[in-house]
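Architecture at a glance
Below, each chain spelled out in residue letters.
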Amino acid sequence: MERRPKTPLEMRPAPLLDVPIDQLHRAAGIPLPAMQPAATVPEAAQEEPVRPEAGLGVDALLTDEDMVRRCEELLQKYKSGKTQLEARIIENERWYRQRHGEKTPRNPGDPDPCSGWLFNSLANKHADAMDNVPTLSVLPREAGDQAGADLLSEALPVVLEQNEFEQTYSDMWWYKLRTGTGLTGVFWDSSLQGGLGDISIRSLDLLNLFWEPGITDLQKSSNVFYVSLMDGDALRSRYPALRDAQEGFGAGAVSLARYVHEENLPADNKLMMIDWYYKRRTGGREVLHLCKICAGKVLFSSEHDPAYREGYYRHGRYPFVADALFPVPESPAGFGYIDICKSTQLYIDKLDAALLKNTLMGAKPRFWRKGDGKVSIEQYADMSLDFVDFNGSGNPNDSIVQIPVPVLNPHAVTMREAKIEEMKEVSGNRDFAQGGTNGGVTAFSAIQALKEAGSKLSRDMIASAYRAFARVGELCIDLMRQFYTEPRTFRITGKGGGLEFHAIDAAQIGMRQTG
């Protein structure tokens, strides 16, 4: 497979910006040190999310108290709808860390093996994905879009690099392989570029995201909540209304599910921030709003801010991209390789434990000892002594006898090998995929043909990730259309290998009226 294939995107029409510049984040040149000063923007417009709308699950212009109450009701409903999913994600994390043996009942002293066959499958799938990290190539819809498409094709890789996207992509893939669903967020972060703002792309945790139960497409949910724990002191200094806010992992009737960590993670001095995204239909189109709530107080509502009369994000979509590995009906979250292979891994570990126990019993024999026996047990156990005392007459074997160890059943070894082969077959992690050979195949062309045939599972799951990545690119383009209100300069490598500087702003990539 070729490294870094390009995912084409078409230039989609979008209305030109018509909001005064002083109500939006101002843009500036990206790697050049000389930047123009940013325009003064209302503080709320610089850092917060938006508020709910009528007709889509939220009543119009609710009071802050009603907003908080409605938020907690919906959030509790959405959380109860994904209880089983959260339990499965937490359990899968235990398997990923090879801590699943802690729940298996064993006798004291019995071997407790946790072999890495399942982890090896995950690691190989991740390696396949990282061998094919995508990048974006924007294609024009018509001849007049060619210049804008070329500019975006040059600028988007720079935006991805500034976000350290390869690391984000790696984190997303590890999470996707463990839980069955990768989750990427595409936001506008006004703290970047020295306060001028820029696009932020992050890998997120499904335990913190809540959506309407029963929907498959995240964008079809009436509301979406993203809940995060933040440092209490930082929030109190930023929002005076939180001065008396209580600490902890709960927010009213809702609390976040937590992983089982090896280290102790205290909950003190943490506050739960709720980003409530919702949609309203205005002027024949859906408008996205955001309400930010913490400790029972509304900190920001884009719906009541004139700067966001066209929505917090004008593209009208939730800033989350979910990529299910193996989809299931009526849920944007799928299942992954741990869900499929952990039963096989469990029996491999059980057979390993039985084989190891039998081997250890044979390697360290034990003995029956008669209660009134005449053999010195201490001397018998001391292997450094050449002689062992025996008192009285009779046969010493009547006082101490070795406990026989049963001969290992060969079917146990055969079954273990069969389970390992099952793991390889089910996960698509055959020997040829790792460069190994078997069955006497030595010809280079034959090995390459088998590797190509064996990689079709990887190609299929990578294709799904490319489709999700295309949606990430579309969100990036729409954010550039909204917030790049003045030219930003990008340094790129030209066709001849030299440095070139290209300026881009919303007017160059904005939507044009067609027809």
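That block above? That's the structure.
Residues numbered from 1 in each chain as written. Predicted model: local features only at pLDDT ≥ 70, side-chain atom pairs only at ≥ 80, totals over all residues. Heavy atoms only, no water.

1. Observations regarding the sheet that holds strand E4 (residues 198–203)
Spelled out, the test is: What makes two strands pair is DSSP finding at least two bridges between them. Think of it this way: any DSSP run of H or I at least four residues long counts as a helix, any run of E at least two long counts as a strand, and we number them from the N terminus. For helices, the axis comes from a line fit to the C-alpha atoms of the stretch in contact; other axes are also lines fit to C-alpha atoms, and the angle between any two N-to-C directions lies between 0 and 180 degrees. Contacts are residue-level and defined by heavy atoms, with any inter-residue pair within 4.5 Å sufficient.
Strand order in the open sheet made by the 3 strands is E4-E3-E12, with antiparallel pairing throughout. Looking at the sheet topology across the chains shown, the edges are occupied by E4 and strand E12 (320–324). Ignoring strand direction, the axes of neighbouring strands in this sheet form an average angle of 15 degrees. In terms of strand pairing, strand E3 (residues 181–189) meets E12 through 5 bridges, oriented antiparallel. For leucine 183, the partnering residue across the bridge sits in E12 and is alanine 322. Against the sheet, helix H6 (residues 165–179) contacts E3, E4 and E12, and its axis sits at roughly 145 degrees relative to E3.

2. Some remarks on the packing of aromatic side chains
Stated precisely, the cut-off is as follows: In summary, the pairing rule links any two rings of Phe, Tyr or Trp, Trp by its six-membered ring, whose centres are within 6.5 Å, and it sorts them by plane angle into stacked for under 30 degrees, edge-to-face for over 60 and tilted for everything else. Burial status follows relative accessibility: with a 1.4 Å probe on protein chains alone, a residue under 20% of its type maximum counts as buried, one over 50% as exposed, and anything between as partly exposed. Put simply, a charge is over a ring when the Lys NZ or the Arg CZ is close to the ring centre, within 6 Å, and near the line of the ring normal, within 35 degrees.
In total, this model carries 21 aromatic pairs according to the counting rule given. For the pair tyrosine 277 and phenylalanine 320, a centre-to-centre distance of 5.6 Å together with 90 degrees between the ring planes defines the contact as edge-to-face. Linking tyrosine 277 in strand E9 (residues 270–282) with phenylalanine 320 in strand E12, this pair joins segments that are 43 residues apart in sequence. Considered together, tyrosine 277 and phenylalanine 320 belong to a single accessibility category, that of buried residues. Every member of this aromatic cluster is reached through a ring pair, and the members are Tyr78, Phe225, Trp276 and Tyr278. One residue, lysine 82, lies across the ring of phenylalanine 210, its end atom 4.4 Å from the ring centre. Here the basic side chain of arginine 178 rests over the ring of tyrosine 96, its NZ or CZ set 4.7 Å away from the ring centre.

3. Observations regarding the pattern of salt bridges
As a reminder of what qualifies: We define a salt bridge as a contact between a side-chain nitrogen of Lys or Arg and a carboxyl oxygen of Asp or Glu at a distance within 4 Å.
Taken as a whole and assessed by the stated rule, the structure comprises 23 salt bridges. In this structure, arginine 88 and aspartate 339 form a salt bridge, with 2.8 Å as the shortest nitrogen-oxygen distance. Residue arginine 88 is found in helix H3 (residues 83–96), and its partner aspartate 339 is found in helix H9 (residues 337–363); the two are separated by 251 residues along the sequence. In this structure, the salt-bridge partner of aspartate 323 is lysine 176, at a minimum N-O distance of 2.6 Å. Taken together, the residues aspartate 323 in strand E12 and lysine 176 in helix H6 connect sequence positions 147 residues apart.

4. A short note on the nonpolar core
Rules: Only buried residues count toward a nonpolar core. Its members are Ala, Val, Leu, Ile, Met, Phe, Trp, Tyr and Cys residues joined through side-chain atoms within 4.5 Å.
In terms of nonpolar packing, the biggest core is built from 79 residues, with Tyr169, Trp173, Ile199, Leu209, Phe320, Met480 and Ile504 touching the most fellow members. A total of 13 residues in this core trace back to one element, the largest contributor, which is helix H13 (residues 456–483). Ignoring any residue separated from it by four or fewer positions in sequence, one finds leucine 209 in contact with Lys82, Leu183, Leu218, Val224, Phe225, Tyr226 and Phe320. Within the second largest apolar cluster, 19 residues are counted, among which are Leu74, Tyr78, Phe225 and Trp276.

5. Focus: the sheet that holds strand E5 (residues 209–211)
The strand order across the open sheet built from 5 strands is E5-E6-E9-E10-E11, with neighbouring strands paired in antiparallel fashion. Pairing within the sheet leaves two strands with one partner each, and these edge strands are E5 and strand E11 (297–301). If you compare each strand with its neighbour and ignore which way they point, the axes differ by 25 degrees on average. Bridge analysis of E5 against strand E6 (residues 223–231) gives 3 bridges, and the strand direction is antiparallel. Opposite leucine 209, over in E6, you have tyrosine 226 as the bridge partner. Packed onto the sheet, helix H2 (residues 64–81) meets E5, E6, E9, strand E10 (285–294) and E11 and runs at close to 100 degrees relative to E6.

6. Side note on the packing of helix H5 (residues 146–162) against H13
Let me state the cut-off plainly: Should an angle lie under 35 degrees it is considered roughly parallel, over 145 roughly antiparallel, and from 65 to 115 roughly perpendicular; all remaining angles are considered oblique. Under the scheme applied, nonpolar residues are Ala, Val, Leu, Ile, Met, Phe, Trp, Tyr, Cys and Pro; charged residues are Asp, Glu, Lys and Arg; polar residues are all the others, including Gly.
The contact between H5 and H13 brings their axes to 11 Å, and the two run at 105 degrees. With respect to H13, the axis of H5 lies roughly perpendicular. Judged by residue contacts, Leu152, Ala155, Leu156 and Leu160 of H5 engage Phe469, Cys476, Ile477 and Met480 from H13. Residue composition of the contact of H5 with H13, grouped by class: 8 nonpolar, no polar and no charged.

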